[in-house]
Amino acid sequence: MPQRNVPLRKHKDEKERATRDGFGDALLSLGESDPRVIVLCADLAESTRTLAFKEKYPDRYIEVGVAEQNLAALASGFAAMGKVPFVASYAAFSPGRNYEQIRTTIALNRQKVIIAGMHAGISVGPDGATHQMLEDLGLMCMLPNMTVINPADALEARKATLAAAMHDGPVYLRFSRETSPNVTTERTPFVLGKANLLLDAAKPDVAIVATGTLVSQALIAAKALANDFAVTVLNVHTLKPLDIPGILKQAERAGAVVTVEEHQLRGGFGSAVAQCLGTFAPMPLELVGVSDRFGQSGTPSELLTEYGLSAAYIAAAARKAYHRKRDA
Amino acid sequence: MSVTDAQVLRIETMAAKIRASIIEMLVAAGSGHTAGPLGMADVFAAFYFHILNHNPKKPEWKDRDRLVLSNGHIVPVRYATMAHAGYFPVKELLTLRKFGSRLQGHPERTRLPGLETTSGPLGSGLSQAAGMAYAARMDNQKMRVYCFMSDGEQDAGNIWEAAMFVGANRLSNLTAIIDRNNIQINGMTESVMPLEPLRSKYQAFGWHVLDVDGHNIEAICDAVDEAKAIYEKPTVIIAHTIPGKGVSEIEFDYRWHGKPPSAQEAAVFLRELRSLRGKVRGEHE
Ligand SMILES: Cc1ncc(C[n+]2csc(CCOP(=O)(O)OP(=O)(O)O)c2C)c(N)n1
Ligand SMILES: [Mg+2]
């Protein structure tokens, strides 16, 4: 069954970008529009896409060195004085290394700090398990006061970053290293906490609810299933607060659900959806995600296949959910 | 003198082979770190071919010296050195960073015997080495613990928590080696986050501090001998190295921290490395 991941068709003058690039774009416009915005970085300016901000606004870029615990707690101090700090590092180190500092000095302390976790997920590739953060969404969703956003493409990443700057409270933004196809357009609305239906069907049989750059794989899977049964695809960019009404609506229309995430299944997005369906509308549910394993070196596409995250596996999960519903 | 001229020559020859392997494996991988591994080739060669009490055929031998690599991103130099020392076939080096390889992009203890620990996220090696050294002392084990760290990594608070612990507990069976190559990702260490005076920082934490030329095999071996002779304190050896050592285009350039050479560049670099054999020593005489 494993099949190569087919990229979505690109518009002719649109080059594929990574969600971290959308973050970099947004930082530049925020630098212009909001003098309170500052960026703190831990020796990773280029790969976190904060370099352009550093060059344009050197006085508002603060280098902290390889010190993520300091990074988080410093930002809390800056926020206390009315700055709007963005902290950028790899998700493996922030929140991976500095979780307690985030928990106490940012979340419990309710300081408006925006934490940008880069190189999240297995698609980081050859760097291997140490750098493939698969637990960040769970960690951050568990924190009271925290808002958690996982954009699906570079365009959405830019909008999410702008929305985070406007939001009253701490925010975690998750970004990928690899480029991914656009699944949204400039005009797609971005409302914090409100999922977007990307693919509708008159009489849906299965609802795929996906988050992050794997939304593109969910759309490919939906296409592959088009002749078999009707599928909808919901893009859940905000994991916290979770759009429970939006998810329930699509779930109840279809009567069977598949969740998709580039994250551990335990404690991640699928768990949150399962909690929601189990509470309000029990129905057949299949979860696509990483099943209690660490990552490893490989190309992104090899790893999406090895860990069962590619379109082929999403389609297989949808078939299973469909049959479970039919046989019930 | 702890090391003979013949031994030094052999170690230098191994270092040259290790450098060539590093270039070859990075090209095959298509990603990875170049400057740090090349810079530490002499130190690694001195350890695996002279200093360490180890057995490549019995990587889990209980009484072996432990070498903890804290700055996991330079692991290509460790893989190359281990292969040349006989831990695994040299041709396996070309699987670096590939799917299914034991040679992960950052070292994983559970995949390759002899690595001692898993690293990549910086700053936690010295704590682990301290745990090993303390445990060895509790059990009267004579093996020694070595911890290799980078200079950029000295930014991390965890290093200083460990440095304080090691100093307070006088873990003289632990010797730390810092790759003082003056670069990290965003630029020179002294512009990103100044470390100097590094020597007095460690002294203040209760350490004996030695500065050595990290490309002078004899000096490296002598420094370790001195560390072994000191029982009152732990020793840190600040190894002054040239990032990218051996390839003039890479030397001193922080932009080579995390990118591999292309196949074309590699051909040129390998020629330069091979012509340097035997000359490495002359520079430091
Ligand atoms: C905790 C942590 N934060 C950030 C990184 C990303 N990172 C990898 S290497 C590096 C630079 C460290 O400087 P150094 O080790 O001196 O680099 P080198 O001399 O090898 O070029 C950074 C920031 C990391 N690996 N771990
Ligand atoms: Mg360095």
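Definitions and cut-offs
- Residues numbered from 1 in each chain as written.
- Chains lettered and ligands numbered in written order.
- Predicted model: local features only at pLDDT ≥ 70, side-chain atom pairs only at ≥ 80, totals over all residues.
- Heavy atoms only, no water.
- Helix = DSSP H or I, 4+ residues; strand = E, 2+ residues; numbered from the N terminus.
- Contact = heavy atoms within 4.5 Å.
- Domains from an automatic or database assignment.
- Buried area = accessible area lost by both parts, 1.4 Å probe.
- Salt bridge = Lys/Arg side-chain N within 4 Å of Asp/Glu carboxyl O.
- Polar contact = N/O pair within 3.5 Å; in protein donor to acceptor, adjacent residues only side chain to side chain.
- Phe/Tyr/Trp six-rings, centres within 6.5 Å; stacked < 30°, edge-to-face > 60°.
- Buried < 20%, exposed > 50% of the residue type's maximum accessible area, 1.4 Å probe, protein only.
- Lys NZ or Arg CZ within 6 Å of the ring centre and 35° of its normal.
- Pairing = 2+ DSSP bridges.
- Axes fitted to C-alpha atoms, helices over the stretch in contact; angles between N-to-C directions.

Draft legend 1. Expanded view of the side chain of B:Asn181. When you line up the elements, B:Asn181 lands in the loop between β3 (174-180) and α7 (189-192). Discounting chain neighbours no more than four positions away, the residues touching B:Asn181 are B:Gly36, B:Asp151, B:Thr241 and B:Pro243.

Draft legend 2. Representation of the domain arrangement of chain A. All names here are of chain A. Split by domain assignment, chain A resolves into domain 1 (12-181) and domain 2 (196-323). The C-alpha-based centres of domain 1 and domain 2 are spaced at 25 Å. On the domain 2 side, the residues contacting the 33 residues of domain 1 number 29 residues. Buried surface at the junction of domain 1 and domain 2, summed over both partners, amounts to about 2200 Å²; 58% is from carbon and sulfur atoms. The largest share of the area that domain 1 buries against domain 2 comes from Ile122, Leu134 and Asn150, three residues that together contribute 27% of it. On inspection of domain 1 and its partner domain 2, the count reaches zero salt bridges. For the pair domain 1 and domain 2, the number of links is 18 residue pairs in polar contact (both at pLDDT 80 or more). For the side of domain 1 that touches domain 2, the secondary-structure elements that each account for two or more residues are α5 (136-141) and β6 (147-149). No other element matches the four residues that α5 contributes to the side of domain 1 that touches domain 2.

Draft legend 3. Structural view of the packing of aromatic side chains. A complete count under the given rule lists 15 aromatic pairs over all chains for this structure. Where B:Tyr48 meets B:Tyr87, the ring centres are 6.0 Å apart and the plane angle is 85 degrees; that geometry is what we call edge-to-face. A residue pair is termed long-range when its members are at least 10 positions apart, and B:Tyr48 in helix α3 (residues 41-51) and B:Tyr87 in the loop between α4 (75-85) and α5 (125-138) qualify at 39 residues. Each of the two residues, B:Tyr48 as well as B:Tyr87, counts as buried. Here a set of aromatic residues connected by ring pairs shows up, and it is made of B:Phe44, B:Phe47, B:Tyr48, B:Tyr87, B:Tyr146 and B:Phe148. Sitting above the plane of the A:Tyr57 ring, A:Arg60 keeps its charged end 4.6 Å from the centroid. Directly above the ring of B:Tyr134 sits B:Arg137, whose terminal nitrogen or CZ lies 5.3 Å from the centroid.

Draft legend 4. Inspection of the sheet that holds β6(A) at higher detail. All names here are of chain A. Within the open sheet, the seven strands sit side by side as β3-β2-β4-β5-β7-β6-β12. Their pairing is mixed. Two strands close off the open sheet at either side, each with one partner strand: β3 (61-63) and β12 (238-240). Averaged over all adjacent pairs, the angle separating strand axes in this sheet is 20 degrees, with direction ignored. One ladder, built from three bridges, connects strand β2 (residues 37-41) with β3; its direction is parallel. Across the sheet, Val39 pairs through a bridge with Tyr61, a residue of β3. The strands touched by helix α1 (residues 19-33) within the sheet are β2, β4 (84-90), β5 (114-118) and β7 (171-174), with β4 carrying the most contacts at an inclination of about 155 degrees.

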